Amino acid sequence: MNETWIILGATSSMARAMARRLADDGKGLILAARDMKDVQATAADCAARGAALAEAVAFDARDPKSFEAIIDRAAREDGMVSCAVFVGSMPDQADISADPSLVDGTVMDSFTGPARFLERLAPLMEERGGGTVVGVGSVAGDRGRVGNYVYGAAKAGFHTYMSGLRNRLTRAGAHAVTVKPGFVDTAMTWGLEGMFLVASPDDVARDILRGVEKKKNVVYTPFFWRYIMRIIKSVPEPIFKKLSI
Ligand SMILES: NC(=O)c1ccc[n+]([C@@H]2O[C@H](COP(=O)([O-])OP(=O)(O)OC[C@H]3O[C@@H](n4cnc5c(N)ncnc54)[C@H](OP(=O)(O)O)[C@@H]3O)[C@@H](O)[C@H]2O)c1
């Protein structure tokens, strides 16, 4: 059965690692990003690896006008349509506090833009009776922390959205996997202090595809973040509010 994956935020190194693995498996790829030059290079690499389709398309989560052409392009392919969302931005919390207008873009990139795209895509997946949505959230969405609570809130919104979308898609034979990475060595975290247990983008891509194959609902990557977050979530609020973790 043919399967075409739409990858949103395809310039992320996690997205690139997943695209490479899908290409090796002969899947079709529609690689969507803002930076066309960068994403075209990934498309060429995926084509060389054996992807059934490897096309670069323009996508901006803050511009819903860019969404239709991507979904129309996917609809022209036979078989299942799947989508992986890697889009997200994490401005410094101090910058957001100094300029609260940055809240809007942060929420648009991680939550409302992807949600709006997926609402348009879901009917096509239901009509085809299958496919998978991978939504990359973050452990930061599991509990609001002083260092990144606007980003965390956007991810928490996206987690809840993904849970509802999973509930919806399962009725049509499709599936949705929520992915919660811990620290990953990517452009987003370069130069950040205090990181530990840092994973590689390829480790994350491997865990995501394992989760897709096993139809997991929520994947923490690496796996031990499930237990770390269980502890962090269990700290009573009167204590948690005094911590700087
Ligand atoms: N790195 C970590 O430790 C970590 C941990 C947990 C979760 N995550 C999440 O993992 C995902 C991938 O992030 P990353 O670490 O690989 O960092 P990244 O390289 O900064 O990737 C973020 C991706 O989102 C894209 N993007 C941001 N705003 C966009 C917009 N308005 N329209 C279209 N694309 C937009 C970026 O495109 P441009 O290249 O054009 O900027 C980039 O492709 C994100 O959702 C992030 O929140 C990362």
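Refer to the preceding data block for the structure.
To keep things clear, this report deals only with the structure shown in the data block. (Residues numbered from 1 in each chain as written. Predicted model: local features only at pLDDT ≥ 70, side-chain atom pairs only at ≥ 80, totals over all residues. Heavy atoms only, no water.)

## Description of the pattern of salt bridges
(1) Moving on: All told, the structure shown has 18 salt bridges when counted by the stated rule.
(2) Moving on: Ionic pairing is found between D45 and R49, a salt bridge with its closest N-O pair at 3.3 Å. Of the two residues, D45 and R49 are both situated in helix α2 (residues 36-49); the distance of 4 residues between them amounts to about one turn of the helix.
(3) Moving on: Look at R49 and you get partly exposed, because its relative accessible area is 35%.
(4) Moving on: For E55, the salt bridge identified is with R73, shortest N-O distance 2.9 Å. (Salt bridge = Lys/Arg side-chain N within 4 Å of Asp/Glu carboxyl O. Helix = DSSP H or I, 4+ residues; strand = E, 2+ residues; numbered from the N terminus. Buried < 20%, exposed > 50% of the residue type's maximum accessible area, 1.4 Å probe, protein only.)

## A short note on the nonpolar core
(1) Moving on: By size, the foremost hydrophobic cluster in this structure holds 31 residues, and its most contacted members are I6, L8, F59, F117, L118 and L121.
(2) Moving on: Those elements that place two or more of their residues in this core are β1 (3-8), β2 (28-33), β3 (53-58), α3 (67-75), β4 (80-85), α5 (102-128) and α6 (149-170).
(3) Moving on: A per-element tally of this core places α5 first, with 7 residues.
(4) Moving on: Grouped together as the second largest cluster of nonpolar side chains are 30 residues, A17, A84, I208 and V219 included. (Core = buried A, V, L, I, M, F, W, Y, C linked by side-chain atoms within 4.5 Å.)

## Regarding the pairing of strand β6 (residues 175-181)
(1) Moving on: Burial of β6 is extensive: 7 of the 7 residues sit out of reach of the surface.
(2) Moving on: Both strand β5 (residues 132-136) and β6 contribute to a ladder of 5 bridges, which runs parallel. Residue pairing across strands places V136 opposite V179, the latter belonging to β6.
(3) Moving on: In this structure, β6 lies alongside strand β7 (residues 218-221), joined through 4 bridges in parallel fashion. Looking at β7, one finds that K180 is bridged to Y220.
(4) Moving on: In this view, the connection linking β6 to its parallel neighbour β7 by way of helix α7 (residues 201-213) has left-handed handedness. (Pairing = 2+ DSSP bridges. Right-handed = clockwise from strand over helix to strand, strands pointing away.)

## Considering the site of the ligand
(1) Moving on: Looking at the ligand, there are 27 residues lining it, with T11, S12, Y151, V184 and T186 nearest.
(2) Moving on: T11 places a side-chain nitrogen or oxygen 2.7 Å from an oxygen atom of the ligand.
(3) Moving on: The separation between an oxygen atom of the ligand and a polar side-chain atom of Y151 is 2.5 Å.
(4) Moving on: Burial of the ligand by the surrounding chains reaches 89%, relative to a free accessible area of 880 Å².
(5) Moving on: Residue assignment for the shell around the ligand shows that the elements contributing at least two residues are α1 (13-24) and α6.
(6) Moving on: Residue composition of the shell around the ligand, grouped by class: 12 nonpolar, 10 polar and 5 charged. (Near = heavy atom within 4 Å. Polar contact = N/O pair within 3.5 Å; in protein donor to acceptor, adjacent residues only side chain to side chain. Areas by Shrake-Rupley, 256 points an atom, 1.4 Å probe, with all protein chains shown as cover. Nonpolar A, V, L, I, M, F, W, Y, C, P; charged D, E, K, R; others polar.)

## A word on the pairing of β3
(1) Moving on: Strand direction decides the pairing type here: β2 and β3, joined by 6 bridges, are parallel. Note on β3: the bridge partner recorded for A33 is A58.
(2) Moving on: Handedness of the crossover joining β2 and β3 through α2 is recorded here as right-handed.

## Points about helix α8 (residues 225-234)
(1) Moving on: Along α8, the positions that sit buried rather than exposed are W225, M229 and I232. Viewed along the axis of α8, the buried residues span an arc of 60°, placing them on a single side of the element. For α8, the exposed residues lying more than 90 degrees away from the buried face are R230, I231 and S234.
(2) Moving on: Where α8 is buried, its residues contact β7 and α9 (237-240). (Arc of directions from axis to C-beta. Contact = heavy atoms within 4.5 Å.)

## So, the side chain of D207
(1) Moving on: For D207, the location among the structural elements is in helix α7.
(2) Moving on: Judged by its relative accessible area of 13%, D207 is buried.

## Remarks on the sheet that holds β3
(1) Moving on: On the basis of which strands lie adjacent, the open sheet formed by 7 strands has the order β3-β2-β1-β4-β5-β6-β7 and parallel pairing. Strands with a single pairing partner mark the edges of an open sheet, and in this sheet they are β3 and β7. Neighbour to neighbour, the strand axes of the sheet diverge by 15° on average, direction disregarded.
(2) Moving on: Packed on one face of the sheet, α2 meets β2 and β3 and runs near 175° to β3. (Axes fitted to C-alpha atoms, helices over the stretch in contact; angles between N-to-C directions.)

Any functional reading would require information beyond the geometric quantities listed.
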